[in-house]
Amino acid sequence: MAEIIQQEKGGGGKKKAKKLLPHMDMTPMVDLMMLLITFFMLTTSLSKSKIMEIMLPEKIRDPNAAPPKISASRTLNILLGPDDKIYWYPGGVDAEDYENLPPVIETDYSAEGIRALLLDRNTTLFRTINDFEQQVLEGKIRISQDSVAASISKLKSDDDTGPIVLIKAYDKADYGNFVDILDEMNICGIARYTFMDIAWYERQMVERAAGLPITPATAAN
Amino acid sequence: MPKIKLPTKSPRIDMTPMVDTFAVILIFLLLTSQMRSPEPTSVDMPFSISETPTPDFNSMTFLISNEGQVFFNVDNGPDTLLKFRREILQEMGNQYNIEFTESELRMFEKYPSPIGVPMQQMKEFLNADMSARKSMEVGIPIDSTDNQLGMWILYSRQVNPAVKATIKGDSNTEFPHIKKVLDILQEKNVNRFNLITNLEAVKINLDEIQQ
């Protein structure tokens, strides 16, 4: 294809044995290489997928054990609703007062939605971590790369200003929402967050806010 | 004056540099990539900012399809000589009174992708050919009456105590499907999970947001 072989006309009477360099036609080899490359490109994945670690609280097996006490003023309840919506309310629900459920506030997974809220609540810690990272980058703090992560988790565990976020998923939420909200916790540097089962009254709060039929409270809840 | 006739030369292109280039690209691709193993269901993974790469061994993967079918995969451990998969299948066979032959065990040991077959059909599945297998994969039973996924978790952890749970789900899967798997894992005292995600870059500036 790339080469048109033309017979040289033998001029003159005497035949002279020409010394030709042994020439190899590389075209088939190029074809073969192309084929192999195409094959490998199609069958392999270049970027390795990443993992996100999450720890869930241990299930309390003893039915009489009291749930751990947390201060209501720092608590932020995030309910993952249907249609990529988030409903949140601060504080706790009074166990005696189920008639007056606190109103929920609707937001979404965008940067202006839940991220702005979380950053607003977590400003102090976020700023501390940010400053620390900046100083490491600028070389003002000289520590090894390995201990940066350890120092940040130390900053997080020492923090007592940030919110305690309780994440609860409504039945109609999807897995993408779940990963998104955990990702948002990492982005905003929330020190304390956990994932919990949704309570029956919270399910009702979501349903009321989203205009869905309300499931009555049952013994199972 | 006679015209000077230039001898018509054949347009000859030397292909050698091209071969060299392709060889370099080929070697690069071979070294940087890993084979994509075929999966019984296609999942659209969610995005996160996490940069931790997926571990190469010591992980059991739960692939959860859009309809809530669960597929299970576990690796052979840090050394292929350990043959963890084989031991796990043997233990599972003991539990459900199924005797696996040597060739079936070897087939399971080498099987590259997640499996979603009830134990009762496992023998048949391992002996079937590729095309017949697809229709047999209905997902591992996870009901409380026949919790085979729990058994898989139990024996995987027994055979390889260092194994870590990894969940791979579609971002559109309804959460209750995932919750069921999480509950079974927690029943077996697994509280630390890895969620498989794709990388997404997010950069935030605190001052910009607050203004």
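Look up: the structure comes first, before these words.
Participant: So what's going on with the overall build of chain A? Residues and values would help.
Facilitator: Looking only at helices and strands, chain A has six helices and seven strands in total. Ordered by position from N to C terminus, the α and β elements of chain A give α-β-β-β-β-β-α-α-α-β-α-β-α. Each of the 221 residues in chain A was classed as buried or not, and the buried ones make up 38%. Residue pairs at least 24 apart in sequence account for 67% of intrachain contacts in chain A once pairs closer than 6 positions are excluded.

Participant: Explain the overall build of chain B to me, using residue names and the numbers behind them.
Facilitator: Secondary structure summary: chain B contains eight helices and seven strands in total. For chain B, the C-alpha radius of gyration of 25 Å lies well beyond 17 Å, the compact-globule estimate for 211 residues. In terms of overall dimensions, chain B has a C-alpha envelope of 105 × 65 × 30 Å along the principal axes. Each of the 211 residues in chain B was classed as buried or not, and the buried ones make up 47%. Counting contacts in chain B only where the partners sit at least 6 residues apart, residues at least 24 apart contribute 65% of the total. For chain B, the accessible surface area stands at approximately 11900 Å², while carbon and sulfur atoms represent 54% of it.

Participant: If you had to explain the nonpolar core to someone new, which residues and values would you point to?
Facilitator: Buried together is how nonpolar side chains tend to be arranged in soluble globular proteins. Counting 69 residues, the largest nonpolar core has Ile78 and Ile181 of chain A together with Phe62, Met122, Leu149 and Trp152 of chain B as its most contacted members. In this structure, phenylalanine 62 of chain B is in contact with Phe71, Phe72, Leu149, Ile153, Ala165, Thr166, Ile167, Lys168, Val181 and Leu185 of chain B, ignoring residues within four places of it in sequence. Leu79, Val104, Ala199 and Met205 of chain A belong to the second largest nonpolar core, which has twelve residues in total.

Participant: Before we move on, can you summarise the packing of helix 2 (residues 84-95) of chain B against helix 6 (residues 148-159) of chain B with the specific residues and values?
Facilitator: All names here are of chain B. Their axes nearest at 9 Å, the elements helix 2 and helix 6 cross at an angle of 130°. Between helix 2 and helix 6, the crossing angle belongs to the class labelled oblique. Between helix 2 and helix 6 lies a crossing whose hand is right-handed. Note on element contacts: helix 6 touches helix 2 through Gln148, Met151, Trp152, Tyr155, Ser156, Gln158 and Val159, opposite Phe84, Glu87, Ile88, Leu89, Glu91, Met92 and Gln95.

Participant: Can you explain the packing of aromatic side chains? Please cite residues and give values.
Facilitator: Taken as a whole and judged by the stated rule, the model has ten aromatic pairs over all chains. A ring pair is formed by phenylalanine 62 of chain B and phenylalanine 72 of chain B, whose centres lie 5.5 Å apart and whose planes are at 55°; its orientation type is tilted. On the criterion of sequence distance, the pair formed by phenylalanine 62 of chain B in strand 4 (residues 59-64) and phenylalanine 72 of chain B in strand 5 (residues 70-74) is long-range, its members being ten residues apart. Grouping aromatic residues by their ring pairs yields a cluster made of Tyr175, Phe178 and Phe195 of chain A together with Phe175 of chain B. The side chain of arginine 85 of chain B reaches across the aromatic face of phenylalanine 108 of chain B, ending 4.5 Å from its centre.

Participant: Got a sec to walk through the sheet that holds strand 3 (residues 75-80) of chain A? Specific residues and values, please.
Facilitator: Residues and elements named next belong to chain A. The five strands are arranged 5-4-3-6-7 in an open sheet whose pairing can be described as mixed. This sheet does not close on itself; its edge strands, each paired only once, are strand 5 (105-108) and strand 7 (192-196). Averaged over all pairs of adjacent strands, the angle between their axes in this sheet comes to 25°, without regard to strand direction. Against the sheet, helix 2 (residues 111-121) touches strand 3, strand 4 (85-90), strand 5 and strand 6 (164-169), its axis set at about 170° to strand 3. The strands touched by helix 5 (residues 175-187) are strand 3, strand 4, strand 6 and strand 7; relative to strand 3, the strand with the most contacts, the crossing angle is about 150°.

Participant: Give me a negative patch on the surface: which residues, what numbers.
Facilitator: All names here are of chain A. On the surface, a cluster of negative charge is contributed by Asp83, Asp84, Glu106, Asp108 and Glu112. If you trace the backbone, glutamate 106 turns up in strand 5. A residue is classified by how much of its surface remains accessible, and glutamate 106, at 46% relative accessible area, is partly exposed.

Participant: Please provide a residue-by-residue account of empty space enclosed by the protein, values included.
Facilitator: Residues and elements named next belong to chain B. According to the stated counting rule, one finds two cavities of 30 Å³ or more in the structure shown. Reported here for the largest cavity is a volume of approximately 50 Å³. If you go around the largest cavity, the residues you meet are Phe72, Asn73, Val74, Arg85, Phe108, Ile115, Val117, Met122, Ile140 and Trp152. Of the residues forming the lining of the largest cavity, the biggest block, three residues, is contributed by strand 5. Of the residues that constitute the lining of the largest cavity, the class distribution is eight nonpolar, one polar and one charged.

Participant: Got a sec to walk through the environment of methionine 18 of chain B? Specific residues and values, please.
Facilitator: Tracing the backbone through its elements, the reader meets methionine 18 of chain B in helix 1 (residues 16-32). Exposure remark for methionine 18 of chain B: the relative accessible area of 36% places this residue in the partly exposed category.

Participant: Explain the environment of threonine 166 of chain B residue by residue, including any values.
Facilitator: Mapping threonine 166 of chain B onto the fold places it in strand 6 (residues 164-169). By relative accessible area, threonine 166 of chain B is classed as buried at 1%. Contact partners of threonine 166 of chain B, with chain neighbours within four places excluded, come to Ile51 of chain A together with Ser59, Met60, Thr61, Phe62, Asn194 and Ile196 of chain B.

Cut-offs and rules
- Residues numbered from 1 in each chain as written.
- Chains lettered and ligands numbered in written order.
- Predicted model: local features only at pLDDT ≥ 70, side-chain atom pairs only at ≥ 80, totals over all residues.
- Heavy atoms only, no water.
- Helix = DSSP H or I, 4+ residues; strand = E, 2+ residues; numbered from the N terminus.
- Buried < 20%, exposed > 50% of the residue type's maximum accessible area, 1.4 Å probe, protein only.
- Contact = heavy atoms within 4.5 Å.
- Rg over C-alpha atoms; globule rule 2.2 N^0.38 Å.
- Areas by Shrake-Rupley, 256 points an atom, 1.4 Å probe, with all protein chains shown as cover.
- Core = buried A, V, L, I, M, F, W, Y, C linked by side-chain atoms within 4.5 Å.
- Axes fitted to C-alpha atoms, helices over the stretch in contact; angles between N-to-C directions.
- Parallel < 35°, antiparallel > 145°, perpendicular 65-115°, else oblique.
- Left-handed = near helix turned anticlockwise from the far one by under 90°.
- Phe/Tyr/Trp six-rings, centres within 6.5 Å; stacked < 30°, edge-to-face > 60°.
- Lys NZ or Arg CZ within 6 Å of the ring centre and 35° of its normal.
- Pairing = 2+ DSSP bridges.
- Patch = residues over 30% accessible without salt bridge, like charges linked within 9 Å, V, L, I, M, F, W, Y side chains within 5 Å.
- Salt bridge = Lys/Arg side-chain N within 4 Å of Asp/Glu carboxyl O.
- Lys, Arg positive; Asp, Glu negative; His and termini not counted.
- Charge placed at Lys NZ, Arg CZ, Asp CG, Glu CD.
- 1 Å grid on protein atoms, 1.4 Å probe; cavity = no way out; pocket = protein on both sides within 12 Å on 5 of 7 lines; lining within 4 Å.
- Points joined across faces, edges and corners; volume = space filled by probe spheres on them.
- Nonpolar A, V, L, I, M, F, W, Y, C, P; charged D, E, K, R; others polar.

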